[in-house]
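Chain by chain, the residues run as shown.
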Amino acid sequence: MIKQRIDKLGAVIALIAMPALLFVPFVTFKANRIVHGQPVSVYSALPTWAAACLTGVTFGVLLSAMIKTGVLVRVLAACLGLVTVLIAIGLAAIHLTPDGNSFVRVSTASGFWLMLFALSMLLIDALARLRPQPVARMLLLLGGLLTIAAFVMSGLWNELSLLKEFSTRADGFWREAWRHLALAVGSLLAAFAIGLPLGILCYRVEKARAAILSLLNIIQTVPSIALFGLLIAPLGWIAANLAGASELGIRGIGAAPAFIALVLYALLPIVANTVSGLVGVDAAVSNAAKGLGMTDGQILRRIELPLAMPAILTAIRIVLVQNIGMATIAALIGGGGFGVFVFQGIGQTATDLVLLGALPTVALALCAAVIMDALTELATRARKETATA
Amino acid sequence: MQITSGIVFRTLFGLGILAFLARPEWFESALGLFVDPNMPVVYRQGNLFFLLLQHLALVLAATTVATLVAITAAIFVTRSVGIDFMPLSRSIVSIGQTFPPVAVLALCVPVLGFGNGPTLVALILYGLLPIFENALTALRTIDPAVLEAARGSGMSESQKLMRVEMPLAMPLIISGIRLSAVISVATATIGSTVAAKTLGEVIVAGLQSYNYAFILQGGVLVAALALLIHDTLMIVELRMQRLRRPVSN
C-alpha cells in the first residue's frame, strides 16, 4: 500500500537534494579573487541556527514531495524550499566574510546549485501539472522576477561574489544589457519587416517558395560564429575601400555583422511560419470574402493575416529566444551584450563573472519564451472565439 | 524542385573545400585581398584538415551519446513505469532549449576545466533536447488503433516497442538528430574559446589578430561541415520516409 503513496519523481528529487545538502560543498571560500577556493559545507558555512533551519525546511519539503499530495501543496512546498535556500546562500556569505574585509570572495558551489536544481524541478513539475492559464503564467513569471529583485535590493546577497562582480561593473552591466536587448529585438524587428513581405510573396508565388525557403534553410544551417566571420571579411573590405562607409558605422568587427547575421537567421522561422499560417487559412473563408467584393489586398489584411497570426507569433517567439542566445556570441566579434562578461569570465577563469553574463541571458530568454507563449495562446484562443461567434 | 542546381552547387562547393584543404597555396592570392600584405594568409598553426576531423569527431561523439540517452529517456517516460516523469520532462525540453549554448558551455568550464571535456559535455547536454523532444512527440502521437492492433496480434510490450513504435517514430527521431548535430557543429565552434580543438580556433585566431583571411577560411570550413552533416542526415531521413510510405498506405 505504501508503495502507491510514494511519488516517484519526488523520490528522485529527494535523492538529489538530500545528499547535496548533507555531503556536497554549499559555497566556495576564497581569501581573495585570484587564489584557489576551499569548499565549505552547509554546516561550516552557516551559523548553527540557520543550518538547523535549512536542514529542517529541506527535509520537510522533500518529505512532502515524496508523498502523493495535492498539486498546490507541492507548489507551495517547492517555493518555500527555494526561498529558504536563497536566503541561506546570502547568510552563508555574510557569515563567512569577516567584518570590513573586502577581499574575501564567497561563491556558490555545487551543493547550492544541486539543491536549487532539484527544488526547481519540483516546482516546474508541480506547475506543469497545475497547467496555469496564460495570464496566470505571466503573473507567476512576474512574481519570480520580483522575488529575485527583492533579494538583490535587500542587501542579503551583497557579500556573494556574484553581486560583488556586479557592483564593481554596474554601469557596464546595464550598458551591455541594453546592447544585448537592442541587438536581439532590433534584429527581430528588421527581420520581421523583411520576412513578412517575403512570406507573403512565397505564399502567392509558389515558384519562389521552394527557392527562397531552401536558401534560408542553408543560412540557418551555418553556425553563428562562422556566419559572423563570413560577414566580417566583406564588411571590413567595404569599410576599408568605400569612402564614407565606416562613418556610417559599417565596420568589419562590431555590432554590424552580428546584427546582419541575426536578421539572416531570423528570416527562416518568420518566412516559413508566415507561409504555413497563410496556407492554413480555409479556402472557403477567403472565397467568401471574395464573394463579398473584397480586393486581394483587403482579403490579405483583414482575413488572411489575422488568421495566420498565431503561426506568425510562434515564429516571433522562436526568433526572440534564438536571438537572445545568439547575441551572446556577438561579444566575440566586438558586438557587445552579456557575452562580454561570459567571455571575460572564461578568459579570467572567473566563474562568477561568467554567471554575471550567463544568468541574465538565460533569464531574458526564459521571460521571452513565457511571455510569447502566453501571447500566442491568447491570440489562438481569440481567433477560435471569433471563428465560433 | 531545383534539386539539380542544389546538387551542382554542393558538388562545386565540396570540390572547392577539398582543393583548399589539399592545396591552400592556390587560394593565397584570393585570400590575400582581405589582409595587409605582411600578414599570414593561410592558417598554419594547426593542420586545417586535422582540425576539421577533430571537429567532426567531437560532434559525432556527442551526437551518438545524446541520441542513446535521449531515446532511452523518451522510451522510459512513455511507458507506464515512467509516466510520472512525463510532465516534468516536457517542461525541461521547452525550458532547456531557451538556455543559450554559450551559457551551457561557459558553465561547464568551472566544473571540468578547459579543453575538449567541457565542450563535449555541453554538446551532449544541449544536443539531448531536440532528439528527446522529437522522440517524445513521435512516441506520443502514434495512432492508438495501431498500438491496439499490435497488442491484439499477441505482441509483447517489447515486441510492440521494437517492431511497431520505434519504426514509426524513426523519421521524426532522425530529424531531431539532424537538428541536434547541426547545433552541435555550431556549439563546438564556440568551444574553441575554451580551448577545444575545433575549426573555431581558426576564426578565433583571426578575430584576435584582425586577420580577415583566417576568419573567412574558418567560417567557410565550418559552414561546409555543417552543411555536409545536415545534408547527410536529410538524405537518411528522406530515405526512411520513402521506405515507410508503402507500409502506411
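Residues numbered from 1 in each chain as written. Chains lettered and ligands numbered in written order. Predicted model: local features only at pLDDT ≥ 70, side-chain atom pairs only at ≥ 80, totals over all residues.

A short note on the overall build of chain B
When helices and strands are counted, chain B shows ten helices and zero strands. Its helices and strands in sequence order give chain B the pattern α-α-α-α-α-α-α-α-α-α, from N to C terminus. Taken over the C-alpha atoms alone, chain B extends approximately 75 × 50 × 25 Å along its principal axes. Out of the 249 residues in chain B, the part that is buried amounts to 46%. Looking at chain B alone, contacts between residues at least 24 apart form 73% of all its contacts between residues at least 6 apart. (Helix = DSSP H or I, 4+ residues; strand = E, 2+ residues; numbered from the N terminus. Buried ≥ 20, exposed ≤ 12 C-beta atoms within 10 Å, placed from the backbone. Contact = placed C-beta atoms within 7 Å.)

Focus on the interface of chain A and chain B
Think of interface size as the accessible area that goes away when the parts come together; that is how it is often given. Taken together, the 43 residues of chain A in the interface contact 42 residues of chain B. Elements with a contribution of two residues or more to the side of chain A that touches chain B: α2 (8-23), α6 (110-130), α10 (206-221), α11 (224-241), α14 (296-326), α15 (339-347) and α16 (351-388) of chain A. A total of nine residues in the side of chain A that touches chain B trace back to one element, the largest contributor, which is α11(A). Among the residues making up the side of chain A that touches chain B, the classes are represented as 28 nonpolar, twelve polar and three charged. (Nonpolar A, V, L, I, M, F, W, Y, C, P; charged D, E, K, R; others polar.)

Examining the sheet that holds strand β3 (residues 105-108) of chain A
Residues and elements named next belong to chain A. Reading across from one edge, β2-β1-β3 is the order of the three strands in this open sheet, with antiparallel pairing throughout. The open sheet has two free edges, formed respectively by β2 (38-40) and β3, since each of these has just one partner strand. Recorded for the sheet is a direction-independent mean angle of 30° between the axes of neighbouring strands. Relative to β2, strand β1 (residues 27-30) runs antiparallel, the two sharing three bridges. Across the sheet, residue Thr28 finds its bridge partner in β2, namely Pro39. (Pairing = 2+ DSSP bridges. Axes fitted to C-alpha atoms, helices over the stretch in contact; angles between N-to-C directions.)

So, the environment of B:Thr72
The residue B:Thr72 is located in helix α3 (residues 48-78) in this model. With 60 residues separating them along the chain, B:Thr72 and B:Phe132 place their C-alpha atoms 8.9 Å apart.

Digging into the packing of helix α12 (residues 255-279) of chain A against α14(A)
Residues and elements named next belong to chain A. Taken N-terminus to C-terminus, the directions of α12 and α14 make an angle of 160°; their axes are 8 Å apart at the nearest point. Taken together, the axes of α12 and α14 are roughly antiparallel relative to one another. The element α12 and its partner α14 pack so that their crossing is right-handed. Residue-level contacts link Leu262, Tyr265, Ala266, Pro269, Ile270, Asn273, Thr274, Ser276, Gly277 and Leu278 of α12 to Glu304, Ala308, Ala311, Ile312, Thr314, Ala315, Ile318, Val319, Gln322, Asn323 and Met326 of α14. Taken together, the residues of the contact of α12 with α14 break down into 13 nonpolar, seven polar and one charged. (Parallel < 35°, antiparallel > 145°, perpendicular 65-115°, else oblique. Left-handed = near helix turned anticlockwise from the far one by under 90°.)

Remarks on the domain arrangement of chain A
Residues and elements named next belong to chain A. Assigned domains of chain A: these are domain 1 (2-161) and domain 2 (170-388). Each of domain 1 and domain 2 has a C-alpha centre, and the two are 35 Å apart. Tallying the contact residues gives six residues for domain 1 and eight residues for domain 2. Per element, the largest residue contribution to the side of domain 1 that touches domain 2 is four residues, and it comes from helix α7 (residues 134-154). (Domains from an automatic or database assignment.)

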